[in-house]
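Chain residues, written in single-letter form:
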Amino acid sequence: MTRVILFDKDGTLMDYHKVWTPYAKRSIEAFAEAFDCHDIKDELAHRLGLINGQIAPNSVLASGTGDIIQDQFERYQTGGGKWMKDFYEENLDALRDSMELIDGAADVLRQLAADGYKNIIVTSDSRLSTEYFIRKFSLESVVHEVVAGDDSPFHKPDIRILEPLCRKTGHSLDEMVMIGDNRADTMLGYEEGLRTIGVLSGTCRREDLEGADMILQSVTDVIDDGRFILAEDGADHA
């Protein structure tokens, strides 16, 4: 029986494009200015996954951790990775201010918590940013745990990111469902049988969400007839 719902944050609970698309553009411009390397802006943007001004599905920007993104900057300039880390930390307040919940996401978390489920955010974003997010929208009582991108050397879709959570909570993968907006979410634990739901509210199209047991328009669609859509076992990988 399903007891734990794992939620990606950006693009699933939070409006991805309001925060990360403008931030990506600003960071590339600021990097080029800081290192006087304006000629590499287009190449860097493409490598990160900023294509024609939009974040590409399953790109570094769409699903990479802070370390992975910083490594891309380091490739272009020695010290670029540290610069990117500092730029991120300097912009945390602005990022927090631009965060917006996807319509209905908080209601879903509240209903699931009331129904006895544990809601856990599993994100590539930092713990600091994720805790900002939880506090900003007063979700402390309905988000029970966080697995952040800087908590572990592993990252989605590597199932090892969930091992500390399983030990801490005592829950097994067959009691969990992962909900997210990119391949890193829908392929999380695929070989181990973790059930996943893809949502189209982030950066990916239906064809990009490999491994999903089902694909929905939004996180709000996981409530069907007043109950969680995968409340019971029995869904097979599509």
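My aim in this report is to walk through the structure given alongside it, one point at a time. Here the structure is a predicted model, which is why all the values come from computation and not from measurement.

## As for the overall build of the chain
Thought 1: Broken down by element type, the chain carries 10 helices and 10 strands.
Thought 2: For 238 residues, the compact-globule formula gives about 18 Å, and the C-alpha radius of gyration of the chain, at 18 Å, lands near that figure.
Thought 3: Seen through its C-alpha atoms, the chain measures out along the principal axes to roughly 55 × 35 × 30 Å.
Thought 4: When each of the 238 residues of the chain is scored for burial, the buried share is 53%.
Thought 5: Long-range contacts, defined here as pairs at least 24 residues apart, represent 66% of the contacts in the chain between residues at least 6 apart.
Thought 6: As presented, the chain carries roughly 10,900 Å² of accessible surface, and 46% of it is formed by carbon and sulfur atoms.
Thought 7: Of the side-chain charges in the chain, 25 are positive and 45 negative, and the distance between the mean point of each set is 2 Å.

## Overview of the nonpolar core
Nonpolar side chains in soluble globular proteins tend to end up buried together.
Thought 1: The biggest cluster of nonpolar side chains holds 59 residues, and the ones touching the most others in it are Phe7, Phe133, Leu139, Ile179 and Phe228.
Thought 2: In terms of residue count, helix H1 (residues 16-35) provides more of this core than any other element does, 7 residues in total.
Thought 3: Those residues within four positions of leucine 139 in sequence are excluded, and the remaining contacts are Ala106, Leu109, Phe133 and Ile134.

## Concerning H1
Thought 1: For H1, with 20 residues, the first-to-last C-alpha span of 28 Å sits near the 28 Å given by 1.5 Å per residue.
Thought 2: Turning to H1, its buried residues number three or more, namely Tyr16, Val19, Trp20, Thr21, Tyr23, Ala24, Ser27, Ile28, Phe31 and Ala32.

## Concerning the sheet that holds strand E7 (residues 195-199)
Thought 1: Overall, parallel pairing links the 6 strands, which are arranged E5-E4-E1-E6-E7-E8 in an open sheet. Two strands bound the open sheet, and with one partner strand each, they are strand E5 (145-147) and strand E8 (214-216). Taken pair by pair, the neighbouring strands of this sheet meet at an average axis angle of 25 degrees, ignoring direction.
Thought 2: In this structure, strand E1 (residues 4-7) lies alongside strand E6 (residues 176-180), joined through 4 bridges in parallel fashion. Looking across to E6, one finds that leucine 6 is bridged to methionine 178.
Thought 3: Most of the contacts of helix H7 (residues 105-114) go to E1, to which it runs at about 160 degrees, and overall it touches E1 and strand E4 (118-122).
Thought 4: Contacts from helix H8 (residues 127-136) reach E4 and E5, with the element oriented near 145 degrees to E5.

Rules behind the numbers
Residues numbered from 1 in each chain as written. Predicted model: local features only at pLDDT ≥ 70, side-chain atom pairs only at ≥ 80, totals over all residues. Heavy atoms only, no water. Helix = DSSP H or I, 4+ residues; strand = E, 2+ residues; numbered from the N terminus. Rg over C-alpha atoms; globule rule 2.2 N^0.38 Å. Buried < 20%, exposed > 50% of the residue type's maximum accessible area, 1.4 Å probe, protein only. Contact = heavy atoms within 4.5 Å. Areas by Shrake-Rupley, 256 points an atom, 1.4 Å probe, with all protein chains shown as cover. Lys, Arg positive; Asp, Glu negative; His and termini not counted. Charge placed at Lys NZ, Arg CZ, Asp CG, Glu CD. Core = buried A, V, L, I, M, F, W, Y, C linked by side-chain atoms within 4.5 Å. Expected span 1.5 Å × (residues − 1). Pairing = 2+ DSSP bridges. Axes fitted to C-alpha atoms, helices over the stretch in contact; angles between N-to-C directions.

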